Amino acid sequence: MSVLGALAKVTAARTGRAEPIAERRHYHLSARPLVLVPLRLAGEAAAPLAVALGSAPHDATVLIVAQPRDRVLRLRFIEHFADRVLPYVSSFCEDAEELTVKSTGEAYLRYLDAPQLLVPNPGGAEFLRLLGRSVRFHRTEGDNAVPETLPLLGRWLTWFGDRSDFPGSSVCLAMTSVLTTHWASGQSALEDGNLAALLGWIDPPAGMTGPEAAALAEDPLAFPPAGPATDPGFDNEELAPLIAAYDGAEHEWAKVIAAERLEQALRSQLEPTWQLMWRAVELLRDLPEGASVEKRWTDDRGAFSWFAADIPEGYPQARRDSAVSATRRLLKQEQALDTFQAQRAFDDPRVLIEYRLVGEAFQGTIGACEPERRAKPKSREVPRPYIWVHTADPFRARVGETLIRIDRPAQKAEVVGVDEDVIQLELISGMGQGKNPAAGSVPEEGDAIGFARFSPGGFGGPPAKLPPREETPWTHGGPPPEPTSELVEEWS
């Protein structure tokens, strides 16, 4: 936890209300997200019990499995689940734009929008991934064939689960993770995993403080767990007897009545979380969107378009990644995290404060400038304005280092000199292609300005490259070693 994060938590505990740690929303929010509140049977990782889903607060569909240990009923539930999720996903495959790969000249389609799943917590996203894995290899022909929608749903749920691992991706969001990115409560990180308690700190009911609302949210009768696990008391006192009643029903009408009672009980577990999810959506929509959110959502749209195009002829995702695939996946996730953190800092002044505190960025005021200055670094003379920035931030500039301007990331400056709290900079890019700087590209005396040592692309240098396959050790997916005389046994 950063110093600023710790301070925000202490402040929240003192004031009794969650402290904002971001001024911008750093995730895309779809106009019609698919909110999912899944429940599973205790003791079984991928045994669905019920799910509430829908794209509007007043339009929730609840599906249940009357006997989760019955695989036929479980597959029937997943089939109904697929009948609602797949049309939602395919509805985004209508409008597309045609783009061209610059390096090869090949044309491809990218959809103008993409689906978005919202689940209460990371456990919900993991459950969807496991549910997808459990059905994506099912056969649609031969003995025990299943409808084609089941393995198709499995492939999509696996894709959503995989994308949720990428920092900055918005196609599958865990609400508690998103909320803690924007607010700091006065409770522990473990307690923040309770959606009701976290929202109690962020948006307590009238007349209550955050701690009071969070304490009330810990009552499983008032606010049942947000899933996928259910409350043990509910399991023992209500769920188990109702499932036993369903199993013991001898007539069809009796089973229908038992299933209806079970559905009512499960709705009581789902309804409070359903309302909390949409309240959280409202809170997030009130925040202005960060400048780089659109770019990351474009990447999500591209990934969605690529996977949708691969569906007709592609194969289900592998049960386990190979060594090379796992390494590439981890490398991409590290790069995505690096980029996401940097872009958040450039988008959000409140997030940038963390980097100002540790001396990776600074804010200041221009005390003097030479906007007309020109220099001849190569063959021709070009604009090279000087600016002198006064700053009180603990930033130790090094002469010769290159900095990135916060409000214009395309503009770079080189440190020319340092005199106590004044940093002299030479602007070296981001002023247009003309002989004179473009209008507004050069700051003026008295302007507030900020620079950082990192760019929106990340904190380090270029991304690491993996060796080609022929140079990868055979233990990690490369070609097997050529047999040599030392390795050949005498008897072979």
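*Asks:* Just checking my understanding: could you explain the nonpolar core for this structure?
*Replies:* In a soluble, globular protein the nonpolar side chains are often hidden away together inside. Counting residues in each nonpolar core, the largest one holds 90 residues, and the members touching the most others are Leu36, Phe81, Trp156, Met175 and Leu179. For this core, the leading source of residues is helix H10 (residues 252–285), giving 13 residues. Dropping the residues within four chain positions of it, leucine 36 is found in contact with Val51, Ala52, Leu53, Phe81, Leu117, Leu118, Val119, Pro120 and Leu128. Within the second largest apolar cluster, 16 residues are counted, among which are Ile387, Leu403, Ala413 and Met431.

*Asks:* Explanation requested: a nonpolar patch on the surface in the structure shown.
*Replies:* Where nonpolar side chains cluster on the molecular surface, the patch consists of Ile353, Leu357 and Val358 and spans about 260 Å² of accessible area. Residue position: isoleucine 353 is located in helix H13 (residues 349–357).

*Asks:* Is there a simple way to explain the pattern of salt bridges in this structure?
*Replies:* When the charged atoms of two side chains with opposite charge come close together, those side chains can pair. Scanning the model with the defined rule gives 22 salt bridges in all. Note that aspartate 162 and arginine 329 form a salt bridge whose closest N and O atoms lie 3.9 Å from each other. Here aspartate 162, found in helix H4 (residues 149–163), pairs with arginine 329, found in helix H12 (residues 323–347); they are 167 residues apart in sequence, far enough to count as distant. We classify aspartate 162 as buried; its relative accessible area is 17%. Overall, the relative accessible area of 25% leaves arginine 329 in the partly exposed class. The structure contains a network of salt bridges with shared partners spanning Glu126, Arg129, Asp162, Asp165, Asp321 and Arg329.

*Asks:* Is there a simple way to explain the environment of alanine 226 in this structure?
*Replies:* On the secondary structure map, alanine 226 appears in the loop between helix H8 (210–217) and helix H9 (232–248). For alanine 226, a relative accessible area of 14% corresponds to the buried category. Residues alanine 226 and glutamine 269 lie 43 residues apart in sequence; the distance between their C-alpha atoms is 8.2 Å. Residues within four places of alanine 226 in sequence aside, it is in contact with Val37, Pro38, Pro120, Asn121, Leu195 and Thr273.

*Asks:* Can you walk me through the pairing of strand S10 (residues 361–370) in this structure?
*Replies:* Taken residue by residue, a regular strand's side chains alternate between the two faces of the sheet. Summarising the sheet, S10 and strand S17 (residues 448–452) pair through 5 bridges and their orientation is antiparallel. Each bridged residue has a counterpart across the sheet, and for threonine 365 the counterpart in S17 is alanine 448. Where S10 lies against strand S13 (residues 386–390), 5 bridges are found, and the strand directions are antiparallel. In the strand pairing of S13, threonine 365 is matched with histidine 390.

*Asks:* Explain the packing of aromatic side chains here, please?
*Replies:* Centre-to-centre distance and the angle between the planes together describe a pair of aromatic rings. Counted by the stated rule, this structure contains 17 aromatic pairs. Where tyrosine 88 meets phenylalanine 92, the ring centres are 5.1 Å apart and the plane angle is 80 degrees; that geometry is what we call edge-to-face. Each member of the pair, tyrosine 88 as well as phenylalanine 92, carries the same accessibility label: buried. Summarising the aromatic geometry, the rings of phenylalanine 346 and phenylalanine 454 are spaced 5.6 Å apart at their centres and angled 85 degrees between planes, so their arrangement reads as edge-to-face. On the criterion of sequence distance, the pair formed by phenylalanine 346 in helix H12 and phenylalanine 454 in the segment after S17 is long-range, its members being 108 residues apart. Exposure remark for phenylalanine 454: the relative accessible area of 2% places this residue in the buried category. By way of ring pairs, the aromatic residues Tyr111, Trp156, Trp159, Phe160, Phe304 and Phe307 are connected into one cluster. The ring centre of phenylalanine 92 lies 4.2 Å from the NZ or CZ of arginine 32, which sits over that ring. Between the NZ or CZ atom of arginine 163 and the centre of the ring of phenylalanine 166, over which it lies, the distance is 5.5 Å.

The rules behind each value
- Residues numbered from 1 in each chain as written.
- Predicted model: local features only at pLDDT ≥ 70, side-chain atom pairs only at ≥ 80, totals over all residues.
- Heavy atoms only, no water.
- Core = buried A, V, L, I, M, F, W, Y, C linked by side-chain atoms within 4.5 Å.
- Buried < 20%, exposed > 50% of the residue type's maximum accessible area, 1.4 Å probe, protein only.
- Helix = DSSP H or I, 4+ residues; strand = E, 2+ residues; numbered from the N terminus.
- Contact = heavy atoms within 4.5 Å.
- Patch = residues over 30% accessible without salt bridge, like charges linked within 9 Å, V, L, I, M, F, W, Y side chains within 5 Å.
- Areas by Shrake-Rupley, 256 points an atom, 1.4 Å probe, with all protein chains shown as cover.
- Salt bridge = Lys/Arg side-chain N within 4 Å of Asp/Glu carboxyl O.
- Pairing = 2+ DSSP bridges.
- Phe/Tyr/Trp six-rings, centres within 6.5 Å; stacked < 30°, edge-to-face > 60°.
- Lys NZ or Arg CZ within 6 Å of the ring centre and 35° of its normal.

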